[in-house]
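Chain and residue survey
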Amino acid sequence: MSAQRPLSKRVVSGIKPTGNLHLGNYLGAVKQWVAMQNAIQAEGGETLYFIADLHGLTEYIAPAELRANTIEVTATMIASGIDPDRSILFNQARVPAHSELSWLLNNVARVGWLNRMTQFKDKAGKNREGASVGLYDYPVLMAADVLLYNATHVPVGEDQKQHLELARDIATKFNTDYGVDLFTLPEPLVSAAAPRIMSLRDASAKMSKSNPSEQSVVKLIDSDETIADKFRKAKTDPDLLPATVEELAERPEARNLLTIFAALADRTPQDVLSDYAGKGFGAFKPDLADLAVAKLGPIRNEMVRLLDDRGAIDAILTRGAEQARDLAAPVLRQAQDAMGLML
């Protein structure tokens, strides 16, 4: 018994509905997904992107906020270039097979494997006993998210590689235990263009909307004036920009701004330095501010337009969920059958 496999690449990835996506989310994930949508489909493959609202439950969130965030993140993805006519776009909760397969895989995954997941340790901190079971177990749901569609490739950053390895381990054990060739072992899809964007006030920390300083994070909903102001006031150092990227190794704030400029301009950091070597940030930051406004302003404007008709966004998610359910159903059924659940 084997599940129907995709003829070419099938890319699956999701994003939590945290609301107010920021520049780091855009450059590190969504912009890359748009590029993958175009490249993978040119090869005859498929792309599935979902809003991970089930993952959003691992820490308490008010129901109304979760609903609003799901709509807003969907609008942001569409405004950024995810085309629901070309990619399957849906929210996780509308496809119950995610939860159902996750429970099946919980009985294949081992406690020792989950105990090695570093993200749980980081997120739970010193209060591990007070963390939700969902926070501990969510890597198994992540495995279900991709195995359910027999994804061939999954976009991952450094902090998610361990979870993809877990998904592969679970798939291998399931196939071996039940004597089937059901689950594809997904490969990581690492984009060389995906940058790690840090806080504008402290480049030792990732850009995050949870940072108490509004000046540290550029939100995609920010006005042109706010975007420009945040870059003009971004923390830097007094030195001039060097001729090579290597010379910025001990200058994290300067390196972060260069990374952002290069990512927005679709250039390499070294190429950008060729224009600014020997210049100070008095010249660099205004140009970066103008570039950010030019790139992010249209996304914000389109997002605001889309949010004027939330019913239309809901209809897009409904249609995407129907497509996703059609793909998921045979895989879930075969997993149930393999485990002896189908009489």
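All values derive from a computational prediction rather than experimental measurement. (Residues numbered from 1 in each chain as written. Predicted model: local features only at pLDDT ≥ 70, side-chain atom pairs only at ≥ 80, totals over all residues. Heavy atoms only, no water.)

1. Details of helix α9 (residues 252–265)
Under the convention used in this document: Going along the chain from the N terminus, every DSSP run of H or I of four or more residues is numbered as a helix, and every run of E of two or more is numbered as a strand. Each helix should span, by expectation, one fewer than its residue count multiplied by 1.5 Å.
In this model, α9 (14 residues) spans 20 Å end to end at C-alpha, consistent with the 20 Å of a helix rising 1.5 Å per residue. Downstream of α9 by one or two residues, D266 has phi in the positive range, about 55°.

2. Considering helix α7 (residues 161–177)
The periodicity of an α-helix, 3.6 residues per turn, causes residues three or four places apart in sequence to face the same way. Stated formally: When a residue's accessible area, from a 1.4 Å probe over protein chains only, is under 20% of the maximum for its type it is buried; when over 50% it is exposed; and in between it is partly exposed.
Spanning 17 residues, α7 covers 24 Å between terminal C-alpha atoms, matching the ideal 24 Å at 1.5 Å per step. Buried within α7 are the following residues: H163, L164, L166, A167, R168, I170, A171, F174 and N175. Downstream of α7 by a residue or two, G179 has a phi angle that is positive, lying close to 60°.

3. Structural notes on the packing of helix α3 (residues 97–106) against helix α6 (residues 133–147)
Note the cut-off: Between the N-to-C directions of two axes lies an angle of 0 to 180 degrees, each axis being a line fitted to C-alpha atoms and, for a helix, fitted only over the stretch in contact. Angles below 35 degrees are treated as roughly parallel, those above 145 as roughly antiparallel, those between 65 and 115 as roughly perpendicular, and all remaining angles as oblique. By convention, the crossing between two helices is left-handed when the near helix turns anticlockwise from the far helix through less than a right angle, and right-handed when the turn is clockwise. Between two residues, a contact is recorded if the distance between any of their heavy atoms is within 4.5 Å.
Close contact between α3 and α6 brings their axes to 8 Å; oriented N to C, the two are set at 120°. On the basis of the axis angle, α3 is oblique to α6. Crossing of α3 against α6: the hand is right-handed. In this structure, α3 uses H98, L101, S102, L105 and N106 to contact α6, whose residues at the interface are D137, V140, L141, A143, A144, D145 and L147.

4. Re the nonpolar core
The following threshold applies: Here, nonpolar core means buried Ala, Val, Leu, Ile, Met, Phe, Trp, Tyr and Cys residues that are tied together by side-chain atoms lying within 4.5 Å of each other.
Counting 61 residues, the largest nonpolar core has L23, M77, F231, I260, L264 and F284 as the members making the most contacts within it. Per element, the largest residue contribution to this core is 12 residues, and it comes from helix α11 (residues 281–307). Non-local contacts of L264, meaning those with residues more than four positions away in its chain, are made with L23, L27, L288, L291, A292, K295 and L296. L101, A321, A324 and L332 belong to the second-largest nonpolar core, a separate cluster that totals 42 residues.

5. Some thoughts on the packing of aromatic side chains
For clarity, the cut-off: Here the aromatic set is Phe, Tyr and Trp, taking the six-membered ring for Trp, and pairing holds for ring centres within 6.5 Å; pairs whose planes are under 30 degrees apart are stacked, those over 60 apart are edge-to-face, and all others are tilted.
Under the defined criterion, the tally for this structure stands at 10 aromatic pairs. Relative to F183, the ring of F174 lies with its centre 5.0 Å away and its plane at 70°, an arrangement referred to as edge-to-face. Connected via pairs of aromatic rings, a cluster forms that spans F261, Y276, F281 and F284.

6. With respect to the packing of α6 against α7
Basically, it comes down to this: When residues are sorted by character, Ala, Val, Leu, Ile, Met, Phe, Trp, Tyr, Cys and Pro go into the nonpolar class, Asp, Glu, Lys and Arg into the charged class, and all the rest, Gly among them, into the polar class.
It is the contact of α6 with α7, at a shortest axis distance of 9 Å, that shows an interaxial angle of 70°. Judged by the angle between their axes, α6 and α7 are roughly perpendicular. Considering how the two elements wind past one another, α6 and α7 form a crossing that is right-handed. Mapping the contact onto sequence places Y138, P139, V140, M142, A143, V146 and L147 in α6 and H163, L166, A167, I170 and A171 in α7. Considering only residue class, the contact of α6 with α7 consists of 11 nonpolar, 1 polar and no charged.

7. Thoughts on the pairing of strand β2 (residues 46–51)
Rules: DSSP-based pairing: two strands are paired if at least 2 bridges between them are found. By definition, the crossover connecting two strands over a helix is right-handed if that path, from the first strand to the second, turns clockwise as seen with the strands pointing away from the viewer.
Most of β2 is tucked away: 5 of the 6 residues are buried. By the bridge criterion, 6 bridges tie strand β1 (residues 10–15) to β2 in an arrangement that is parallel. Note that in β2 the partner of V12 across the bridge is L48. Regarding the hand of the β-α-β motif, the stretch spanning β1, helix α1 (residues 23–42) and β2 is right-handed. Alignment of β2 against strand β3 (residues 88–91), held across 4 bridges, turns out to be parallel. The residue bridging I51 from the neighbouring strand is N91, located in β3. Remark: the β2/helix α2 (residues 63–80)/β3 crossover connection has right-handed handedness.

Functional significance is not addressed by these values, which are geometric in nature.
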